[in-house]
Structures are given as C-alpha cells and as structure tokens.
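Inside the fold
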Amino acid sequence: MRDNKQATTGNLIAQRNPKSRGWANYHRHVVSSETFSKVDHAIFGALWQWAKRRHPKKPIKWMKKKYFQSVGEQNWVFQGEILGQDGTAQPIRLVKAKRVAIQRHSKIQKEANPYDPDWETYFEKRLDGKMAHNLKGKRKLLSLWKQQDGLCPLCKRKSTKLTGWHSHHIIWRSQGGRDEADNRVLLHPDCHERLHRQGLTVSKPRPLWGV
C-alpha cells in the first residue's frame, strides 16, 4: 500500500489478493484462526489510512461508502473495479484471511501399519484426503478420472461428485505397490469396500479416447 498510494482501488486489491490468499493457504493447517483475524484487522487499518491519505478532507461516512461495502452478512468489505478479459469493468473484493477454511491434519493411528493388508484402505483414504486439498493432487485425480472415461472400473457406472470416489492401488502398497498413476484407479466408495471385502481384483481400464 505504501508503494501504491496512487493506484486505483481495483488494482490495489488485485495486487493484494494473491499475497493474502497464498499466505493464508500456507498457514491454514495450524491453529491460526485468531492470527488470521489479527492480520485482517491490521490490513483494514492500513487500508483506512490509505484511503484517508487520498481524501484527507472527506468525512468518514463518505469514505466508507466509496471504498467499503456490505456483502451478505459481511460488513466493511473493501471493494473496487478492475477491467475483465472482455474489457468491461468487473467488481473485485479484498480477500480476508479468516475466510480461508482451517484444515486440520489428522494424526495417524498409532497401531496403523502400512505393511499390513488390513490397514490398506485406511492409508488409501488418508492419501485421498491429502490429494483433494492441494492443486497438484486434484490434477492427478482429474487425470485418473479422464483415463477411466469417468467410469468406475468395477461396476462400469459413472463416477461423479454425488457418487463420490476412493483411490485404489491395483497392487496394494502393503505388497510393494507404488503411488504412481499406472497403479491406481478411482472406484465408487461402495465398490471399493466390496472389492476389499470380497477379495476382488481390478485392472487399469483402457481409455476410450485415442483408440
């Protein structure tokens, strides 16, 4: 803000948001709710001083109306405009750190053994959760889904957000299988449970595209 005293509100927000979002995402795994609120409060104070320097003779109500809006249940939302890809003005709002959801790390059960087949599904579920909460993991899951043409290789029915999914290792990790994509498939949760319960096997499906 010190380096952008003359920037438009929209451009200032566009420069600030990636930093706020990245910092909050990095620290979201620790007990950080109180710290996030303190950071938001400090940023609000700096923004208010930024606005006062631009309009030293304007009253408080005028500056609040110009720079801060009420959005839903949120008050004092710092908002501006920025040009979109189509060249039209679009609203942009400042990201607040406290709006980033806190994600707790679940501890591994002390009796869990990655080399015991009885714990295979436990470690697969942990891996699923880890992948679903980072961009690289989501891309890998999407790649697996596309390789299967969106179908569960056990029941041959469509896999969607509503049906859910579990990541399964064709060669179990407890038996030396790797986490690589060529050793993994996405199954419906009930199909995955049935596969382990009944001792079934599944193979990597051949994609329909490119044939």
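Refer to the structure printed above.
A quick note: this is a predicted structure, and the numbers were derived from the prediction, not measured.

**Details of the sheet that holds strand 3 (residues 89–93)**
With antiparallel pairing, the three strands of this open sheet are ordered in space as 1-2-3. Two strands close off the open sheet at either side, each with one partner strand: strand 1 (68–71) and strand 3. Pairwise comparison of adjacent strand axes, ignoring direction, gives a mean angle of 50 degrees for this sheet. Packed onto the sheet, helix 1 (residues 9–27) meets strand 2 (74–83) and strand 3 and runs at close to 105 degrees relative to strand 2. Contacting strand 1 and strand 2, helix 3 (residues 60–67) crosses the sheet at an angle of about 60 degrees to strand 1.

**As for the side chain of His196**
As for its position among the elements, His196 is in helix 6 (residues 189–198). Polar contacts involving the side chain of His196 include one to the side chain of His192, which spans 3.2 Å.

**Things to note about the nonpolar core**
Counting residues in each nonpolar core, the largest one holds 13 residues, and the members touching the most others are Leu47, Trp50, Tyr67, Phe68, Phe78 and Leu94. Ranked by the residues each element gives to this core, the list is headed by helix 2 (residues 33–54), at five residues. If near-sequence neighbours (up to four positions away) are discounted, Leu94 is found in contact with Ile13, Arg16, Asn17, Ile43, Leu47 and Phe78.

**Focus: the packing of helix 2 against helix 3**
Packing of helix 2 against helix 3 brings their axes to within 11 Å, and their N-to-C directions diverge by 115 degrees. Between helix 2 and helix 3, the angle falls in the class roughly perpendicular. Seen along the crossing, helix 2 lies across helix 3 with a hand that is right-handed. Where helix 2 approaches helix 3, its residues Trp48, Trp50, Ala51, Lys52 and Arg54 are matched on the opposing element by Ile60, Met63, Lys64 and Tyr67. Grouping the amino acids of the contact of helix 2 with helix 3 by side-chain chemistry returns six nonpolar, no polar and three charged.

**What to know about the side chain of Asn183**
With respect to the secondary-structure elements, Asn183 resides in the loop between strand 4 (166–169) and strand 5 (184–187). Classification of Asn183 by relative accessible area gives buried; the value is 8%. Residues in contact with Asn183, not counting those within four places in the same chain, are His168, His169, Ile170, Ile171, Gly177 and Arg178.

**Digging into the packing of helix 1 against helix 2**
At a closest axis distance of 12 Å, the pairing of helix 1 and helix 2 adopts a crossing angle of 165 degrees. Judged by the inter-axis angle, helix 1 sits roughly antiparallel to helix 2. The way helix 1 lies across helix 2 gives a crossing that is right-handed. Taking contact as the criterion, the partners of Thr9, Leu12, Ser20, Trp23, Ala24 and His27 in helix 1 are, on helix 2, Thr35, Phe36, Val39, Ile43, Leu47 and Trp50.

**Brief notes about the packing of aromatic side chains**
Two numbers describe a pair of aromatic rings. These are the distance of the centres and the angle of the planes. Applying the stated rule across the entire model yields eleven aromatic pairs. Geometrically, the ring pair formed by Trp50 and Phe78 is edge-to-face, given 6.0 Å between the ring centres and 80 degrees between the ring planes. Pair noted here: Trp50 is in helix 2 and Phe78 is in strand 2, with a separation of 28 residues, a long-range link. Here Trp50 matches Phe78 in class, with each residue buried. Here the aromatic cluster, defined as three or more aromatic residues joined through ring pairs, consists of Phe44, Trp48, Trp50, Tyr67, Phe68, Trp76 and Phe78. Against the face of Trp62 rests Lys58, its NZ or CZ located 4.9 Å from the ring centre.

The rules behind each value
- Residues numbered from 1 in each chain as written.
- Predicted model: local features only at pLDDT ≥ 70, side-chain atom pairs only at ≥ 80, totals over all residues.
- Heavy atoms only, no water.
- Pairing = 2+ DSSP bridges.
- Helix = DSSP H or I, 4+ residues; strand = E, 2+ residues; numbered from the N terminus.
- Axes fitted to C-alpha atoms, helices over the stretch in contact; angles between N-to-C directions.
- Contact = heavy atoms within 4.5 Å.
- Polar contact = N/O pair within 3.5 Å; in protein donor to acceptor, adjacent residues only side chain to side chain.
- Core = buried A, V, L, I, M, F, W, Y, C linked by side-chain atoms within 4.5 Å.
- Buried < 20%, exposed > 50% of the residue type's maximum accessible area, 1.4 Å probe, protein only.
- Parallel < 35°, antiparallel > 145°, perpendicular 65-115°, else oblique.
- Left-handed = near helix turned anticlockwise from the far one by under 90°.
- Nonpolar A, V, L, I, M, F, W, Y, C, P; charged D, E, K, R; others polar.
- Phe/Tyr/Trp six-rings, centres within 6.5 Å; stacked < 30°, edge-to-face > 60°.
- Lys NZ or Arg CZ within 6 Å of the ring centre and 35° of its normal.

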